[in-house]
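# Fold and contact review
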Amino acid sequence: MRQILVAGNWKMNLLGTAGTALTDGLSAKYPTSSVEILVCPPAPYLASVHAKVSGSAVRVGGQNLYFAPQGAFTGEVSGDMLRDVGCSSVLVGHSERRQCFGETDELLAKKVAAALQHGLQVVLCVGELLAERQSDQTEAVLKKQLTGLSQVTAEQMANVVIAYEPVWAIGTGVTASTEQAQQAHAFLRGELKTLYGEQVAVATRILYGGSVKADNALELLSQPDVDGALVGGASLKADSFIAIIEAGIQAMSRRA
Ligand code: PEP
């Protein structure tokens, strides 16, 4: 049975005290949890957030990394550094990284490989633009973006999570319908089966991201191929993020 994962991507939001207050609330509420809980704060706050959540069920992840182990790469952060400040996971290929910073599937494949080498769980984000969906390109785009896994072995897939995030649903308030989400997730699982075989495909978690909120989370998380949520805006407030985690706990108990 796949364990539901609820991940919060704070993006470039929340200064230190606001982030700390949010994580204090989360770690107090979830000393343990039946779902995996991950928060991804901005890089300067990773260590302080990690200190706040240690001893609770909440884990900390980076929003990005560079593939090189060290060296003259001004502004970048390595997988080793993420581990050193307490991260167990990292987001790779978020649509904002692809769109604002020109990250390509080739670059992302190197980042995925580097993150796995450093023992980080990778959340590889994929998703189509609105124009691509409207021109029936969704599956072709997702298939191409899965080339981010080109250096990943079947064994390493145990430490990989895919996040399906239709770009038209990110930060827009427009959520994919449950049918659209389930269809894309089933397609991705089928591609994983082609790449790695049935066992890996069945075991790999595929999260949905794109305007997940308290009031749509349970329906999305109840879809058979939706194994969690990657949450942006609604992860910035304890109440709304906790409501989504609670929906995950409910969906998880139905899976058991
Ligand atoms: C995201 O940033 O990955 C995201 C899904 O954002 P939002 O929940 O705000 O749409």
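The preceding data block contains the structure.
A short tour of the structure in this document, coming up. Values in this document were obtained by computation on a predicted structure and should not be read as measured data. (Residues numbered from 1 in each chain as written. Predicted model: local features only at pLDDT ≥ 70, side-chain atom pairs only at ≥ 80, totals over all residues. Heavy atoms only, no water.)

### Some points on the layout of surface pockets
Where empty space is left can be seen by rolling a probe of water-molecule size over the atoms. There is about 530 Å³ of room inside the largest pocket. If you go around the largest pocket, you meet 23 residues; those closest to its centre are K11, Q63, N64, R97 and F101. Sorting elements by how many residues they give to the lining of the largest pocket places helix 4 (residues 95-101) first, with 4 residues. Residues of the lining of the largest pocket, tallied by class, amount to 13 nonpolar, 6 polar and 4 charged. (1 Å grid on protein atoms, 1.4 Å probe; cavity = no way out; pocket = protein on both sides within 12 Å on 5 of 7 lines; lining within 4 Å. Points joined across faces, edges and corners; volume = space filled by probe spheres on them. Helix = DSSP H or I, 4+ residues; strand = E, 2+ residues; numbered from the N terminus. Nonpolar A, V, L, I, M, F, W, Y, C, P; charged D, E, K, R; others polar.)

### Points about the packing of helix 1 (residues 16-29) against helix 11 (residues 238-255)
Geometrically, a packed helix pair is captured by the angle between its two axes and the distance between the axes. For the pair helix 1 and helix 11, interaxial distance at closest approach is 10 Å and the crossing angle is 30°. Considering only the axes of helix 1 and helix 11, their crossing is right-handed. In this structure, helix 1 contributes L22, L26 and K29 to the contact, and helix 11 contributes A238, F241, I242, I245 and E246. Considering only residue class, the contact of helix 1 with helix 11 consists of 6 nonpolar, no polar and 2 charged. (Axes fitted to C-alpha atoms, helices over the stretch in contact; angles between N-to-C directions. Left-handed = near helix turned anticlockwise from the far one by under 90°. Contact = heavy atoms within 4.5 Å.)

### So, the pattern of salt bridges
All chains considered together, the criterion is met by 16 salt bridges. Between E36 and R59 there is a salt bridge; the shortest N-O distance is 2.3 Å. Here the residue E36 occupies a position in strand 2 (residues 36-40), and R59 occupies one in strand 3 (residues 58-62), the gap between them amounting to 23 residues. Classification of E36 as buried rests on a relative accessible area of 14%. In this structure, the salt-bridge partner of R189 is D227, at a minimum N-O distance of 2.7 Å. Taken as a pair, R189 in helix 8 (residues 178-196) and D227 in the loop between helix 10 (214-221) and strand 8 (228-231) lie far apart in primary sequence, 38 residues in all. Its relative accessible area of 0% is what places D227 among the buried residues. Counted as one network, the salt bridges with shared partners bring together R2, R189, D225, D227 and R255. (Salt bridge = Lys/Arg side-chain N within 4 Å of Asp/Glu carboxyl O. Buried < 20%, exposed > 50% of the residue type's maximum accessible area, 1.4 Å probe, protein only.)

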